[in-house]
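Working through the structure, step by step
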Amino acid sequence: GFWEQVDAFTDSAFKGNPAAVCWLEEERDEEWLQFVAREFNISQTCYLTPISQPQSSPFPRFLLRWFTPVAEVKLCGHATLAASHFLFTSGFVKADTIEFSTLSGILTAKKLLDGHKSDAAVTQNGRVHENFVIELDFPVVPTVDYNSVDVSLISKALNGVPAIRIKQSTTAEDLLVELPSAKMVADFKPQFDVIEKCPGRGLIITGAAPSESGFDFFSRFFCPKLGLHEDPVCGSAHCALVPYWSQKLGKCDFAAYQASPRGGILHLSLDNEKQRVFLRGKAVTVMEGSILA
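Below you will find a few notes about this structure. Remember, predicted model here, so these are calculated numbers, not experimental data.

**Focus on helix α6 (residues 235–249)**
- End to end, α6 covers 20 Å across 15 residues, agreeing with the expected 21 Å (1.5 Å per residue, within 8%).
- The principal kink in α6, of about 30 degrees, is found at L241, preceding the proline P243 by one to four residues.
- Of all 15 residues in α6, twelve are buried, a share of seventy percent or more.
- Where α6 is concerned, the buried positions are G235, S236, A237, H238, C239, A240, L241, V242, P243, Y244, W245 and S246.
- Looking one or two places after α6, you find G250, whose phi comes out positive at around 65 degrees.

**Section: the environment of L179**
- Counting through the fold element by element, L179 comes out in the loop between β13 (175–178) and α4 (182–187).
- Note: C-alpha distance between L179 and G207 (28 residues apart in sequence) is 5.2 Å.
- Beyond its immediate stretch of four places on either side in the chain, L179 contacts L158, V161, P162, I164, M184, V185, I205, T206 and G207.

**Topic: the packing of aromatic side chains**
- Under the criterion given, the structure shown has 18 aromatic pairs.
- Plain terms: the ring middles of Y244 and W245 are 5.6 Å apart, the flat faces sit at 90 degrees to each other, and that makes the pair edge-to-face.
- According to the relative accessible area criterion, W245 is buried, its value standing at 0%.
- Among the aromatic residues, ring-to-ring pairing joins F2, W23, F62, F86 and F92 into one connected group.
- A cation over an aromatic ring shows up here: R28 above the ring of W32, its NZ or CZ 3.9 Å from the ring centre.
- The cationic tip of K111 hangs over the ring face of F132; the distance from NZ or CZ to the ring centre is 5.3 Å.

**Remarks on helix α2 (residues 77–90)**
- Here α2 contains 14 residues, and its C-alpha end-to-end distance of 20 Å stays within 8% of the 20 Å for a straight helix at 1.5 Å per residue.
- Immediately downstream of α2, the backbone of G91 shows phi near 85 degrees, a positive value.

**Remarks on the pattern of salt bridges**
- For the structure on display, the rule yields 13 salt bridges.
- A salt bridge links R65 to E72, with the shortest nitrogen-to-oxygen separation between them at 2.9 Å.
- With relative accessibility at 17%, the residue R65 sits in the buried group.
- In this structure, R165 and D145 form a salt bridge, with 3.2 Å as the shortest nitrogen-oxygen distance. Of this pair, R165 sits in strand β12 (residues 165–169) while D145 sits in strand β11 (residues 143–145), placing them 20 residues apart in sequence.
- Put simply, E30, R65 and E72 are held in one network by salt bridges that share partners.

**Considering the pairing of strand β3 (residues 44–51)**
- Burial analysis of β3 places six of its eight residues in the buried class, the great majority of the element.
- Two strands pair when backbone bridges link them, and strand β2 (residues 17–23) and β3 are joined in this way by five bridges, in the parallel orientation. Within β3, the residue paired with V21 across the bridge is C46.
- Read from β2 through helix α1 (residues 30–40) to β3, the crossover connection turns out right-handed.
- Where β3 meets strand β4 (residues 61–67), seven bridges bridge the pair, whose relative direction is antiparallel. Residue pairing in the sheet places P50 in a bridge with F62 of β4.

Procedures and definitions
Residues numbered from 1 in each chain as written. Predicted model: local features only at pLDDT ≥ 70, side-chain atom pairs only at ≥ 80, totals over all residues. Heavy atoms only, no water. Helix = DSSP H or I, 4+ residues; strand = E, 2+ residues; numbered from the N terminus. Expected span 1.5 Å × (residues − 1). Bend = angle between axes of the 7 residues up to and from the residue. Buried < 20%, exposed > 50% of the residue type's maximum accessible area, 1.4 Å probe, protein only. Contact = heavy atoms within 4.5 Å. Phe/Tyr/Trp six-rings, centres within 6.5 Å; stacked < 30°, edge-to-face > 60°. Lys NZ or Arg CZ within 6 Å of the ring centre and 35° of its normal. Salt bridge = Lys/Arg side-chain N within 4 Å of Asp/Glu carboxyl O. Pairing = 2+ DSSP bridges. Right-handed = clockwise from strand over helix to strand, strands pointing away.

That's the geometry; what it means functionally is another story.
Next up, the structure:
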């Protein structure tokens, strides 16, 4: 198989969130998939395998799996964006919509031409690409109030910064903590050994953005239990953040900034009726190669 490293949720190389996208003609065993992910040693390595087109759908469909260096995960936004970018730019698909069969069901990705750019195409490595945005259709991740009496560990993990509200996602059991401001989110100094002892899987911190920033909210995501100290831009965390901020701000369309050291920008919409989150972003291919093992 061969692979590309793609920076997702950015239009500049070395920003956003990197993912390794590996193209496999046929499925490989789980041990091998995990070994390769450990070798790449970045937040996500994903594997794409073609599957025959289902009768029920007009769109090309691919098997998609996501691995951190230590475990397979059920949902990953940035690696899905990276995989979509890989397929749209490599010539594997002619369609503007593709489907992925995943552990979170069928996910779709759409290529939308970027109307903001005057030049309709950019050249990279001699390949001409249109300027496009990718829209992912993901399930809402519900959250419930965190009711445990033991909030001392969370308080310790927050370095004494006061929490406005603590919620927990019902799927991955990530903690979602609102801080008093976006600045507190950006300035936060994580202590990963303390965060690792917190209940649940990972810790999402978020805060309302100042109006002059052009964003609705900031966030960061820490997940040392999965060998992922800080995820540069986390699409799946926004599947919990969007319904949270929608209830708080009374709207369904958002611009969000992930305030990690690399930083990332997401444009998001909530479909309350269907309980879906639409994540829009760009991606850039930065490396490519072959897997020899």
